[in-house]
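# Survey of secondary and tertiary structure
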Amino acid sequence: MNINLTGRTALVCGSTQGIGKEAALQLAKSGARVVLASRNKDKLRNIKEELENISQQNHDFICADFNNYKILYKKVEEYVVKGNAIHILVNNTGGPNPGPLMESESTQFIESFNKHLINNHNLSLLLIPGMKAESFGRIINVISTSVKQPIPGLGVSNTIRGAVASWAKTLSLEIASYGITVNNILPGFTNTNRLKTIIEEISEKRNRSINDVTMEMRNSIPSKRFAEPYETAAAIVFLASDQASYINGINLPVDGGRTQSL
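Below, the structure is looked at part by part. (Residues numbered from 1 in each chain as written. Predicted model: local features only at pLDDT ≥ 70, side-chain atom pairs only at ≥ 80, totals over all residues. Heavy atoms only, no water.)

Turning our attention to the overall build of the protein chain. When you go through the protein chain residue by residue, the secondary structure sums to 8 helices and 7 strands. Relative to a compact globule of 262 residues, whose C-alpha radius of gyration would be 18 Å, the protein chain shows 18 Å and is just as compact. Each principal axis of the C-alpha atoms in the protein chain carries an extent, and together these give about 55 × 40 × 40 Å. Residues counted as buried form 50% of the 262 residues belonging to the protein chain. The long-range share in the protein chain, meaning contacts at least 24 apart out of those at least 6 apart in sequence, stands at 75%. Side-chain charges in the protein chain split into 28 positive and 23 negative, and the spacing between the mean points of these groups amounts to 2 Å. (Helix = DSSP H or I, 4+ residues; strand = E, 2+ residues; numbered from the N terminus. Rg over C-alpha atoms; globule rule 2.2 N^0.38 Å. Buried < 20%, exposed > 50% of the residue type's maximum accessible area, 1.4 Å probe, protein only. Contact = heavy atoms within 4.5 Å. Lys, Arg positive; Asp, Glu negative; His and termini not counted. Charge placed at Lys NZ, Arg CZ, Asp CG, Glu CD.)

Here it is, written out as structure tokens:
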């Protein structure tokens, strides 16, 4: 299968590390013009230099903190107003801090709701008119397998990810007739800084070695290994393609078979 995204522009959120960075790299390799979005300007410049320019795509970036949804919206709006069409939106940002629900404060839910669902919603509403005009659009949300099976110790994350999944399914029903699809990627345990943080937290709370916690997590996966970010990014690129035009409103686990449901 030859995925060619030449002529498409993708806004990739949280694109200076992990799954977001790999998605940006692979989208560029497939011919898309990539607009990176993250809060660290130096990292954004460096990643921009790593992106391939097989079609002279003239990649760009937007520097914004996803903890401030109003500023993020304003910066993306300014970019779009200048006539920059965006066909592919990859909603991706760091998840809520780990911890059980019984130890979570209400402010954590509000902050995470704004960072994830409100940002996703605002950016989608901002970009959908341009997608409608092109009769093509892809909104891809990187969330979690917890929408199918809650992950112990990730109370706030489980809650917010579920809300995002339901929002995405609802939106997919409303805009499919315009040639726009909305889908969710559900990464399993993936070799990212977030997974390292989760392992460290579990290790400290359970008074177990990092190696023991790591092995226990790996053994819970039928594949017996963690995913690499590029493997999840490959699924994002496929959902962004013309070949995925009839795939809409789904949750796609990329988890090595760990989720115990269909």
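Next comes the rest of the account.
Let us now look at the pairing of strand 2 (residues 33-38). For a regular strand, side chains alternate in direction, first toward one face of the sheet and then toward the other. In terms of burial, strand 2 is largely enclosed, as 6 of its 6 residues are buried. Of the two faces of strand 2, both are covered, the one formed by Arg33, Val35 and Ala37 as well as the one formed by Val34, Leu36 and Ser38. Here strand 1 (residues 9-13) pairs with strand 2 via 5 bridges, running parallel. The residue of strand 2 that forms the bridge with Thr9 is Arg33. Regarding topology, helix 1 (residues 18-29) serves as the crossover connection from strand 1 to the parallel strand 2, and that connection is right-handed. Two strands pair when backbone bridges link them, and strand 2 and strand 3 (residues 60-63) are joined in this way by 4 bridges, in the parallel orientation. Each residue of the ladder has a partner; that of Leu36, found in strand 3, is Phe61. Remark: the strand 2/helix 2 (residues 41-50)/strand 3 crossover connection has right-handed handedness. (Pairing = 2+ DSSP bridges. Right-handed = clockwise from strand over helix to strand, strands pointing away.)

Summed over the entire model, instances satisfying the criterion amount to 1 aromatic pair. Seen from their ring centres, Phe189 and Phe226 are 6.2 Å apart, and the 80 degrees between their planes marks the pair as edge-to-face. Of this pair, Phe189 sits in the loop between strand 6 (180-187) and helix 6 (193-206) while Phe226 sits in the loop between helix 7 (210-219) and helix 8 (229-240), placing them 37 residues apart in sequence. An identical accessibility class is assigned to Phe189 and Phe226; each is buried. The ring centre of Phe136 lies 3.6 Å from the NZ or CZ of Arg8, which sits over that ring. Lying across the ring of Tyr178, Lys132 places its NZ or CZ 4.2 Å from the centre. (Phe/Tyr/Trp six-rings, centres within 6.5 Å; stacked < 30°, edge-to-face > 60°. Lys NZ or Arg CZ within 6 Å of the ring centre and 35° of its normal.)

In this fold, Arg258 is placed in the segment after strand 7 (251-254). Placed 46 residues apart in sequence, Arg258 and Asp212 show a C-alpha to C-alpha distance of 19 Å. Residues within four places of Arg258 in sequence aside, it is in contact with Thr145, Phe189, Ser220, Ile221 and Pro222.

Here we come to the packing of helix 4 (residues 106-134) against helix 5 (residues 155-175). At a minimum axis distance of 9 Å, the contact between helix 4 and helix 5 shows a crossing angle of 20 degrees. Put simply, helix 4 runs roughly parallel to helix 5. You can see that helix 4 and helix 5 cross each other, and the crossing is right-handed. For the pair helix 4 and helix 5, contact is made by Gln108, Phe109, Ser112, Phe113, His116, Leu117, Asn120, His121, Ser124 and Ile128 and by Val156, Thr159, Ile160, Arg161, Ala163, Val164, Trp167, Leu171 and Ile175, respectively. Among the residues forming the contact of helix 4 with helix 5, the class breakdown is 11 nonpolar, 7 polar and 1 charged. (Axes fitted to C-alpha atoms, helices over the stretch in contact; angles between N-to-C directions. Parallel < 35°, antiparallel > 145°, perpendicular 65-115°, else oblique. Left-handed = near helix turned anticlockwise from the far one by under 90°. Nonpolar A, V, L, I, M, F, W, Y, C, P; charged D, E, K, R; others polar.)

What follows concerns the nonpolar core. Within the largest apolar cluster, 32 residues are counted, with the highest numbers of intra-cluster contacts made by Leu11, Val76, Leu89, Leu127, Ile139, Leu171 and Ile175. Within the residue set of this core, elements represented by two or more residues are strand 1, strand 2, helix 3 (69-81), helix 4, helix 5 and strand 6. No other element matches helix 5, which puts 8 residues into this core. Excluding its chain neighbours within four sequence positions, the residues that come into contact with Leu127 are Leu11, Val76, Val80, Ile86 and Leu89. Grouped together as the second largest cluster of nonpolar side chains are 31 residues, Val12, Leu27, Val90 and Val237 included. (Core = buried A, V, L, I, M, F, W, Y, C linked by side-chain atoms within 4.5 Å.)

What follows is about helix 7. What helix 7 keeps buried is the set Val213, Thr214 and Met217. The buried side chains of helix 7 occupy one side of the element, clustering within an arc of 100 degrees when seen end-on. Where the residues of helix 7 are buried, they touch helix 6. (Arc of directions from axis to C-beta.)

Among all residues except glycine, the phi angle is most often negative; among peptide bonds, the trans geometry is most common. The phi torsion at Gln56 lies on the positive side, around 50 degrees, for a residue other than glycine. Looking at the secondary structure, you find Gln56 in the loop between helix 2 and strand 3. By relative accessible area, which is 71% here, Gln56 ends up exposed. Residue Asn58 is not a glycine yet carries a positive backbone phi of 60 degrees. Turning to its location among the elements, Asn58 is positioned in the loop between helix 2 and strand 3. The exposure class of Asn58 is exposed, given its relative accessible area of 54%.

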